[in-house]
Amino acid sequence: MPVETLLPRPRPKPAIQPWPFRPQPLPDELLSSYLCRLAVGMDLKPITFLNTVFGSAKNLLAQDLDNFAPPRIVERIALGTLRPAGEIHACTLRAYAGTLITAHNPKGRNPWLLPTTIDNNVRLRTGLQYCPACLATDAKPYFRRRWRLAFVTSCTTHGQLLRDRCPQCDAPVHQHAAASAVHCFKCGGELCEQAATVARHDHIAWQSMLEAALERGWGPLGDEHLRAHVAFAIVRQVAALLVNGRHAQALRQVVARDWGGDPAPYEKPTARQPFEYLDVADRHRLFDMVERLMRGWPHRFVHSCLEAGMHRSHAIKDMPNPPFAYERVMRAYMDATPYQATEPEVAAAAAWLRRTRGKATYRDLRAICGESRAAIYRHMDYERRQAVPSRWRTEAMAALESQG
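This is a predicted model, so every value here is computed, not measured.

**Things to note about the overall build of the protein chain**
Here comes step 1: Helix and strand counts for the protein chain stand at 17 helices and six strands.
Here comes step 2: Relative to the globule expectation of 22 Å for 404 residues, the C-alpha radius of gyration of the protein chain, 31 Å, shows a markedly less compact shape.
Here comes step 3: Over its C-alpha atoms, taken along the principal directions, the protein chain stretches across nearly 105 × 85 × 35 Å.
Here comes step 4: The contacts of the protein chain with a sequence gap of at least 6 include a subset with a gap of at least 24, amounting to 62%.
Here comes step 5: Summed over its atoms, the accessible surface of the protein chain is roughly 21,300 Å², and 54% of this surface lies on carbon and sulfur atoms.
Here comes step 6: If you average the places of the 53 positive and of the 39 negative side-chain charges in the protein chain, the two averages end up 4 Å apart.

Here it is in structure tokens:
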């Protein structure tokens, strides 16, 4: 007799319920700041909130969520808050791809983005900056996304320098472990205490221009208007030349002498460390010089580089694909390659020598036309018979015979 088998009744998966507290991200809010506000609104610690939603198998606070949050995390937050996924994605540093950077590297370092180097849930580097005046005057204190960018060293709203550590104990800012957004996670002191340093007006205006380029998608550079990521690539290369390389010290000295700024070296453990690892005080000194150097682009830059003994090969070092706007400046003003005259130019020089001196010799043509040997051999008047004709002479005569 057939035996009937009872199968378990399939149960539909429960639908994901929205969270009870669903605030809208504040203007330019950082993803980690938004997650902290979500947790506090539901009376939970950030780590408890994340473990409840995503599970504790993988500690999400052991990574830089602002920089490396995977799409599934963004989509889950969007479902829980009933917000568009694009709005949550805009809180991440990945959203700068296409404007600040060409593409985002999800597994490593990205240009312009400050590293945090998290170990055991604690941030070892000062990769999160803040403006004391902003946090003190916010109705709901929160951290801005632009505070994670290397060129942002001052607050364009309050005109003062940013901070990247607690003013009492010098600990990095770690908002997930702090009692609130305005307190230090280590000593509990207020981050907004002590007066801040005022930034130069010209520096504030220059940084405001760069921040506006992020919003518009293009930025001015000299007389040109370039795509934002192209302009930022050029600005970053200029900053890198002031920090690293054997000409960096000489370049800083020239800029300080001619245009102002502090030429003191920067504290870094290795000779090639990227400037994104510098603290906010050193980066502010750096971009103060960059701002002075890039006024009236490219003339101050070219003058300072040549004064420091720097040529094209040095200026494009560590830049595998220089933007055309930068390469054009290098070739026009800083290329030390000997000039090679074109075929018509050598022919015209030979004709002039015959009219004025009666003969177009190799010596005279080379003095006028430089290292254009192949063209010179084709147009010079033969001076003497060579025991072993040079390769240039052989190739030139073969070309003439083929044409004739």
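**Some thoughts on the side chain of histidine 176**
Here comes step 1: Structurally, histidine 176 is set in the loop between strand S4 (160–161) and helix H7 (201–216).
Here comes step 2: Residue histidine 176 is classed as buried on the basis of its relative accessible area, which comes to 12%.
Here comes step 3: Apart from the residues within four sequence positions on either side, histidine 176 is in contact with Ser32, Cys36, Pro46, Leu61 and Arg123.

**Topic: the pattern of salt bridges**
Here comes step 1: Taken as a whole and assessed by the stated rule, the structure comprises 28 salt bridges.
Here comes step 2: In this structure, the salt-bridge partner of arginine 146 is aspartate 28, at a minimum N-O distance of 2.9 Å. A residue pair is termed long-range when its members are at least 10 positions apart, and arginine 146 in the loop between helix H6 (132–137) and strand S3 (154–155) and aspartate 28 in the segment before helix H1 (31–41) qualify at 118 residues.
Here comes step 3: On the basis of relative accessible area, arginine 146 is assigned to the partly exposed category, the value being 21%.
Here comes step 4: Given the relative accessible area of 24%, aspartate 28 is considered partly exposed.

**A short note on the pairing of strand S6 (residues 224–227)**
As a general feature of sheets, a regular strand has side chains that alternate between the two faces.
Here comes step 1: When strand S5 (residues 218–221) meets S6, the two strands line up antiparallel, connected through four bridges. Bridge pairing in S6 links tryptophan 218 to arginine 227.
Here comes step 2: Connecting the antiparallel pair S5 and S6 is a turn made up of two residues, with glycine 222 showing a positive phi of about 65°.

**So, helix H15 (residues 362–369)**
Since there are 3.6 residues in each turn of an α-helix, residues three or four apart along the chain are aligned in direction.
Here comes step 1: Considered for burial, the residues of H15 that qualify are Tyr362, Asp364, Leu365 and Cys369. Seen along its axis, H15 keeps its buried residues to an arc of 165°; they face one direction. Every exposed residue of H15 that faces more than 90 degrees away from the buried side is listed here: Arg363 and Ala367.
Here comes step 2: The inward-facing, buried residues of H15 abut helix H14 (343–357) and helix H16 (373–379).

**Focus: the packing of aromatic side chains**
Here comes step 1: Scanning the entire structure with this criterion turns up 13 aromatic pairs.
Here comes step 2: Ring plane angle 20° and centroid distance 5.4 Å describe the contact between tyrosine 362 and tyrosine 377, whose orientation is recorded as stacked. Taken as a pair, tyrosine 362 in helix H15 and tyrosine 377 in helix H16 lie far apart in primary sequence, 15 residues in all. Comparing tyrosine 362 with tyrosine 377 shows no difference in burial state: the two are buried.
Here comes step 3: Three or more aromatic residues link up through ring pairs in this structure, and these residues are Trp112, Phe151, Trp206, Phe232, Phe275 and Phe287.
Here comes step 4: Geometry around tyrosine 96 places arginine 145 over its ring, the cationic atom sitting 4.1 Å from the centre.
Here comes step 5: For the cation-ring pair, arginine 216 lies above tryptophan 218, with the distance from its terminal atom to the ring centre recorded as 4.3 Å.

**Side note on the state of the cysteines**
Cysteine pairs can be covalently joined through their sulfur atoms, and such a bond is termed a disulfide.
Here comes step 1: The tally for this structure, following the rule as stated, stands at zero disulfides.
Here comes step 2: Of all cysteine sulfurs, the one in cysteine 155 lies closest to cysteine 131, which takes part in no disulfide; the gap is 3.6 Å.

**Remarks on the packing of helix H11 (residues 299–307) against helix H13 (residues 324–334)**
In helix packing, the relevant descriptors are the interaxial angle and the interaxial distance, both defined with respect to the helix axes.
Here comes step 1: The geometry of H11 relative to H13 is characterised by a closest axis approach of 11 Å and an angle of 50° between their N-to-C directions. Relative to H13, the element H11 is oriented oblique. Along this stretch, H11 crosses H13, giving a crossing that reads as right-handed. Residues His299, Phe301, Val302, Cys305 and Leu306 of H11 touch H13, and the partners they reach there are Tyr326, Val329, Met330, Tyr333 and Met334.
Here comes step 2: Classifying every residue of the contact of H11 with H13 gives nine nonpolar, one polar and no charged.

**A short note on H14**
Here comes step 1: Between its first and last C-alpha atoms H14 spans 21 Å; for 15 residues at 1.5 Å apiece the expected length is 21 Å, and the two agree.
Here comes step 2: What H14 keeps buried is the set Val346, Ala349, Ala350 and Leu353. What you see down the axis of H14 is that its buried residues fit within an arc of 100°, all on one side. Turned more than 90 degrees from where H14 packs its buried face, Pro344 and Arg355 sit exposed.
Here comes step 3: Buried residues belonging to H14 abut H15 and H16.
Here comes step 4: Among the residues trailing H14, glycine 358 stands out with phi positive, at a value near 85°.

**Topic: the environment of alanine 213**
Here comes step 1: Tracing the backbone shows alanine 213 in helix H7.
Here comes step 2: According to the relative accessible area criterion, alanine 213 is buried, its value standing at 4%.
Here comes step 3: As for alanine 213 and tryptophan 297, which are separated by 84 residues in sequence, their C-alpha atoms are 17 Å apart.
Here comes step 4: Here alanine 213 is in contact with Trp218, Gly219, Ala228 and Phe232, once residues within four sequence places are set aside.

**Regarding unusual backbone geometry**
Here comes step 1: Following tryptophan 297, the chain continues to proline 298 via a peptide bond in cis, the omega torsion being 5°.
Here comes step 2: Mapped onto the secondary structure, proline 298 falls in the loop between helix H10 (280–293) and H11.
Here comes step 3: Positive phi, normally seen in glycine, also occurs at tryptophan 112, with a value near 75°.
Here comes step 4: As for its position among the elements, tryptophan 112 is in the loop between helix H5 (85–89) and strand S1 (118–119).
Here comes step 5: Residue tryptophan 112 is classed as buried on the basis of its relative accessible area of 1%.
Here comes step 6: Unusually for a residue other than glycine, glutamine 194 sits at a positive phi of about 75°.
Here comes step 7: What makes glutamine 194 exposed here is its relative accessible area of 54%.

About the thresholds
Residues numbered from 1 in each chain as written. Predicted model: local features only at pLDDT ≥ 70, side-chain atom pairs only at ≥ 80, totals over all residues. Heavy atoms only, no water. Helix = DSSP H or I, 4+ residues; strand = E, 2+ residues; numbered from the N terminus. Rg over C-alpha atoms; globule rule 2.2 N^0.38 Å. Contact = heavy atoms within 4.5 Å. Areas by Shrake-Rupley, 256 points an atom, 1.4 Å probe, with all protein chains shown as cover. Lys, Arg positive; Asp, Glu negative; His and termini not counted. Charge placed at Lys NZ, Arg CZ, Asp CG, Glu CD. Buried < 20%, exposed > 50% of the residue type's maximum accessible area, 1.4 Å probe, protein only. Salt bridge = Lys/Arg side-chain N within 4 Å of Asp/Glu carboxyl O. Pairing = 2+ DSSP bridges. Arc of directions from axis to C-beta. Phe/Tyr/Trp six-rings, centres within 6.5 Å; stacked < 30°, edge-to-face > 60°. Lys NZ or Arg CZ within 6 Å of the ring centre and 35° of its normal. Disulfide = S-S within 2.5 Å. Axes fitted to C-alpha atoms, helices over the stretch in contact; angles between N-to-C directions. Parallel < 35°, antiparallel > 145°, perpendicular 65-115°, else oblique. Left-handed = near helix turned anticlockwise from the far one by under 90°. Nonpolar A, V, L, I, M, F, W, Y, C, P; charged D, E, K, R; others polar. Expected span 1.5 Å × (residues − 1).

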